[in-house]
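# Understanding the architecture of this molecule
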Amino acid sequence: MRVLGIETSCDETSAAIVEECGDAARPWRVRSNVVASQVEIHRAWGGVVPELSARQHIRDICGVVERAVEEAGPSDARPYDFIAVTQGPGLVGSLLVGLSFAKSLAWSQGVPFVPVHHLAGHIESLVLEGGEMPLPAVVLIVSGGHTSLYRVAAPGAYERLGRTRDDAAGEAYDKVAKLLGLGYPGGPVIDRLAAEGNDRGVALPKTRLTHPDRNAPELPGRRDFSFSGLKTSVARHVALRRTALGLTADAALPSPEIRDLCASFQRVVVESLLDALFDAARACGAGSVGIAGGVSANSRLRRDAVARGEAAGVPVFVPHISLSTDNAAMIAAAGLRAFRAGRRGGWDVNADPSLPLTSSA
Ligand code: KG4
Ligand code: ZN
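Every chain is numbered independently, its residues counted from 1 as its sequence is written. Chains and ligands are labelled sequentially in the order written, the chains with letters from A and the ligands with numbers from 1. Side-chain atom pairs in this predicted model are given and counted only at pLDDT of 80 or more, local residue features only at pLDDT of at least 70, and totals for whole chains, interfaces and linings cover all residues. Only heavy atoms go into the side-chain values, all of them from the structure, while hydrogens and water stay out.

## Digging into the coordination of the zinc ion (ligand 2)
What counts here: A donor here means any N, O or S atom no more than 2.8 Å from the metal (3.2 Å for Na, K and Ca); water is not included, so a site may seem to lack partners. Every helix listed is a DSSP run of H or I at least four residues long, and every strand listed is a run of E at least two residues long, numbered separately from the N terminus. Whether a residue is buried, partly exposed or exposed follows from its accessible area with a 1.4 Å probe, protein chains only, as a fraction of its type maximum: under 20%, in between, or over 50%, in that order.
Surrounding the zinc ion (ligand 2) are the protein donor atoms H118 (NE2), H122 (NE2) and D326 (OD), at 2.1 Å. Mapped onto the sequence, the residues coordinating the zinc ion (ligand 2) show the spacing H-x3-H-x203-D. In this pair, H118 sits in helix α4 (residues 118-130) while D326 sits in the loop between α10 (321-324) and α11 (328-340), placing the two residues 208 residues apart along the sequence. By relative accessible area, which is 2% here, H118 ends up buried.

Quick look at the structure:
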């Protein structure tokens, strides 16, 4: 069975063909995964502009889907048996482009379609790359829009253990980079500069949340995140250093100071993320942990996660960068999981920018 996946929740237009391969341990194979990134368009604005994103998806979607089908190569039967598409969460105008396109295509081709939660896609990207994870698994999803922790007790059963109360980790990277005049997106450039800096050079606080979220169920391993205090500390440090050096309000700090600041910021972010992930894994008796989303490209996060996994005796799943940033192959994989669990979309399904993640069935 083959599925066409479509993803347009933020600033990537993506389509992919994924097929089942009849192997219980490695259930799916990627035939094609085409991504049209809008990063160059949004760079000029210092972040994603929702209106521009939706319009660019309209421009790109037909070509991207055609290429995904073409690159998948010939199949014995039809090019795809159903369509999986991101229903939410994300930017509503952007989601609507992919969802409307998928519904129209499914109707015209006479195939079913399956609405998919974007974060279920990120979780299944780990399985797509590394095979089924030993369960229960604890998965950290960390991107420009999300920082959440999920427990996966059974295939397709997702339970949220925590989320950010304010900024996502990737958002903090982007905002700190903007503050330092390093451009957008901030993650890759801070990661590169951090490698040359002293990660204890600047004292920055690690946020400890003391008030529990009363709306969230009490679960072992529950942990929320917060990154806006860290971002404010960086801003305060930069302002103080500019004053001390007699610089103007928007002048760049000397390069060695920027490198130390990047390294120190990155250490605090990575430690906060991994402390939560491995605490949760211990509390849940996890058989494996995973990290998905654009920030999982971070070199220190990957390196430290593997080291902590080895120390704890827990396998760590981190997908290749092409599967960790937003892509349609992960949506197709989550769609296959949901399709096998019996889920089908009705023609009245609408985009939902704050769709909650439950299970795939
Ligand atoms: O998953 P993604 O491509 O898009 C969404 O936000 O959904 O993630 C993009 C985010 C941006 O905030 C970017 O700065 C961050 O991932 N990022 C990184 C790195 N590469 C990308 N953050 C830290 N280190 C990196 N190497
Ligand atoms: Zn994402």
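## Quick look at the domain arrangement of the protein chain
Counted only if it meets this: These domain limits were set by an automatic method or by a database of domain assignments. Residues count as neighbours in contact if any of their non-hydrogen atoms are within 4.5 Å of one another. By definition, the buried area sums, over both parts, the 1.4 Å-probe accessible area that each loses when the two are put together. Any pair of N or O atoms that falls within 3.5 Å is considered a polar contact. Within protein, one atom must be able to donate a hydrogen and the other to accept it, and sequence-neighbouring residues count only if both atoms are side-chain atoms. Gly is put with the polar residues, along with every residue not named as nonpolar or charged; the nonpolar set is Ala, Val, Leu, Ile, Met, Phe, Trp, Tyr, Cys and Pro, and the charged set is Asp, Glu, Lys and Arg.
Each assigned domain of the protein chain is listed with its residue range as follows: domain 1 (2-122 + 324-340) and domain 2 (135-314). Averaged C-alpha coordinates put domain 1 and domain 2 at centres separated by 28 Å. Taken together, the contact between domain 1 and domain 2 spans 16 residues of the former and 15 residues of the latter. Together, the buried faces of domain 1 and domain 2 total about 1200 Å²; carbon and sulfur atoms form 65% of this surface. Where domain 1 meets domain 2, there are four residue pairs in polar contact (both at pLDDT 80 or more). Among the elements of the structure, α1 (39-43) and α4 are those that each provide at least two residues to the side of domain 1 that touches domain 2. Top element by residues in the side of domain 1 that touches domain 2 is α4. It accounts for four residues. Partitioning the side of domain 1 that touches domain 2 into residue classes produces six nonpolar, seven polar and three charged.

## Some remarks on the nonpolar core
What counts here: Think of a nonpolar core as a cluster: buried Ala, Val, Leu, Ile, Met, Phe, Trp, Tyr and Cys residues, connected wherever their side-chain atoms sit within 4.5 Å.
One finds L149, F265, L273 and L277 to be the most contacted residues of the largest nonpolar core, which totals 47 residues. Sorting the residues of this core by element identifies β6 (137-142), α5 (169-179), α6 (186-194), α7 (228-245), α8 (255-284), β9 (288-292) and α9 (299-312) as the ones contributing at least two each. Not counting chain neighbours up to four residues away, the residues in contact with L277 comprise V138, L140, L149, V289, G290 and I291. Counting 35 residues, the second-largest nonpolar core is a separate cluster that includes F82, I123, M133 and F339.

## A word on a nonpolar patch on the surface
The following threshold applies: Patch criteria: residues need more than 30% relative accessible area and no salt bridge. Like-charged residues are merged within 9 Å; nonpolar side chains of Val, Leu, Ile, Met, Phe, Trp and Tyr are merged within 5 Å. Note on areas: Shrake-Rupley with a 1.4 Å probe; residue coverage comes only from the protein chains shown. One side-chain nitrogen of Lys or Arg within 4 Å of one carboxyl oxygen of Asp or Glu is enough to make a salt bridge.
A grouping of I41, W45 and L52 is seen on the molecular surface, where their side chains present a nonpolar patch of about 300 Å² in accessible area. Mapped onto the fold, W45 is located in the loop between α1 and α2 (50-71). Looking at W45, the relative accessible area reads 59%, which means it is exposed.

## With respect to the sheet that holds strand β3 (residues 28-37)
Two pairing modes exist for strands in a sheet, parallel and antiparallel, and in both the strands are linked by backbone hydrogen bonds. The line we're drawing: The pairing criterion for strands is at least two bridges between them, as found by DSSP. Angles run from 0 to 180 degrees between N-to-C directions of axes, and those axes are lines fitted to C-alpha atoms, restricted for helices to the stretch in contact.
The mixed open sheet is built from five strands, whose spatial order is β3-β2-β1-β4-β5. One side of each edge strand has no neighbouring strand; the edge strands of this open sheet are β3 and β5 (113-117). Geometrically, the sheet is characterised by an average inter-axis angle of 20° between neighbouring strands, direction not taken into account. As defined by bridge partners, strand β2 (residues 12-20) adjoins β3 across nine bridges and the pair is classed as antiparallel. For I17, the partnering residue across the bridge sits in β3 and is S32. Those strands touched by helix α3 (residues 92-109) are β1 (2-7), β4 (82-88) and β5, and its axis lies near 155° from that of β4.

## Here we look at the site of ligand 1
Let me state the cut-off plainly: Working definition: residue near molecule or strand if any one of its non-hydrogen atoms lies within 4 Å of it.
Near ligand 1 you find 17 residues, and of these G144, D174, G187, G294 and N298 are the closest. Here N298 contributes a side-chain N or O atom positioned 2.9 Å from a nitrogen atom of ligand 1. Across the complex, the protein chains shield 88% of the 550 Å² of accessible surface that ligand 1 would expose by itself. Going through the elements one at a time, α5 and α6 are the ones with two or more residues in the shell around ligand 1. Among the elements that take part in the shell around ligand 1, α6 stands out by supplying four residues, more than any other.

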